[in-house]
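Architecture and fold: a report
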Amino acid sequence: RVLPKSTYIIQGGQYEADVIVAAYDSKSELTGEVRGQNLVGDSGMLKLKFGANTLGEQKYKGTVYVKKETGSVPYEFEGEYFVAAPSATVSPTNLQLFYIGIDNPISVSVPGASLKDITVTVSGAGASLNKVEDGKYTVKPTKQGEACIINVKAKISGKEMDMGSMRFRTKPI
């Protein structure tokens, strides 16, 4: 049986899964092969780790071997996961642009990431950013004629990744 940590992986991250055999005992040796890699089991399971660089659905097949006194018994397994491009959603809560001199509310989210693992920064238009709560912020630009850029990063599988940015026009009230 294949037990993945997640089947939705952000590009540049890593797919991880455990392969377990129900008929395993501590006296049996466990080995396996998948995608040309030879693996050695630990505590009755194989640990799979694949880089997630190619977008879209990814499938794999492998074999786990349980070594017994009579020889090795093969068990085939397969799995799949989906690799998505890094993306962020920045939505102005009430407006389609930012007005100068006032707090403009925005919501920020990243598919596959907890709101607590998102880092948001602002650049341009002399703007400041204030976090109201996880996923909710206010942006206050001070300069006219400059764009205000919201930059988003997220911690995915313990690694901080750039998820993109969004540009907003600024306008006086």
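See the structure printed just above.
Applying the stated criterion to the full structure yields four salt bridges. The shortest N-O distance in the salt bridge between Glu16 and Lys5 comes to 3.1 Å. A residue pair is termed long-range when its members are at least 10 positions apart, and Glu16 in strand E3 (residues 13–20) and Lys5 in the loop between strand E1 (2–4) and strand E2 (8–10) qualify at 11 residues. Among the residues examined, Lys5 registers a relative accessible area of 67% and is labelled exposed. Its salt-bridge partner being Lys116, residue Asp134 comes within 3.2 Å of it at the nearest N-O pair. With Asp134 in the loop between strand E13 (128–133) and strand E14 (136–140) and Lys116 in the loop between strand E11 (104–109) and strand E12 (118–123), this pair connects stretches of sequence that are 18 residues apart. Asp134 sits in the partly exposed class, given a relative accessible area of 27%. Residues joined by salt bridges that share partners form a network here, namely Lys116, Lys131 and Asp134.

So, about the packing of aromatic side chains. Taken as a whole, this structure holds eight aromatic pairs when the rule is applied. Measuring from centroid to centroid gives 5.0 Å for Phe50 and Tyr60, while their planes differ by 70°, and the two rings are edge-to-face. Taken together, the residues span a long stretch of sequence, with Phe50 in strand E6 (residues 45–52) and Tyr60 in strand E7 (residues 56–68) at a distance of 10 residues. Residues Phe50 and Tyr60 agree in their burial class; the two are buried. Among the aromatic side chains, those forming a connected cluster through ring pairs are Tyr15, Phe50, Tyr60 and Tyr81. The ring of Phe50 is capped by Arg35, whose NZ or CZ atom sits 4.2 Å from the centre of that ring.

Our next topic: the sheet that holds strand E9 (residues 89–92). Ordered in space as E9-E11-E14-E13, the four strands form an open sheet in which the pairing is antiparallel. Whereas interior strands pair on both sides, the edge strands pair on one side only; in this sheet they are E9 and E13. Each adjacent strand pair in this sheet contributes to an overall mean axis angle of 30°, direction not counted. Looking at chain direction, E9 and E11 are connected through four bridges and run antiparallel.

Only one face of E12 is covered, namely the face carrying Ile118, Val120 and Val122; the face carrying Thr119, Thr121 and Ser123 is uncovered. Judged from the six bridges that link them, E12 and strand E15 (residues 148–156) form a sheet pairing that is antiparallel. Along E15, the bridge assignment pairs Ser123 with Ile149.

Calculation notes
In this convention, every chain numbers its residues from 1, walking through the sequence in written order. pLDDT decides what is reported in this predicted model: residues at 70 or higher carry local features, side-chain atom pairs at 80 or more are listed and counted, and totals for whole chains, interfaces and linings draw on all residues regardless. Water and hydrogen atoms play no part in the side-chain values, which are based on all heavy atoms of the structure. Each reported salt bridge corresponds to a side-chain nitrogen of Lys or Arg within 4 Å of a carboxyl oxygen of Asp or Glu. Each helix corresponds to a stretch of at least 4 residues labelled H or I by DSSP, and each strand to a stretch of at least 2 residues labelled E; elements are numbered beginning at the N terminus. Relative accessible area decides the class of each residue, using a 1.4 Å probe on protein chains only: under 20% of the type maximum gives buried, over 50% gives exposed, and in between gives partly exposed. Within 6.5 Å between ring centres, the rings of Phe, Tyr and Trp (the latter by its six-membered ring) count as paired, and their orientation is classed by plane angle as stacked under 30 degrees, edge-to-face over 60, tilted in between. For a lysine, the NZ atom is tested; for an arginine, the CZ atom; a charge sits over a ring if that atom is within 6 Å of the ring centre and within 35 degrees of the ring normal. At least two DSSP bridges between two strands are needed for those strands to be called paired. To get an axis, fit a line to the C-alpha atoms, keeping to the stretch in contact for a helix; angles then go from 0 to 180 degrees between the N-to-C directions.

Keep in mind these numbers describe shape, not what the thing actually does.
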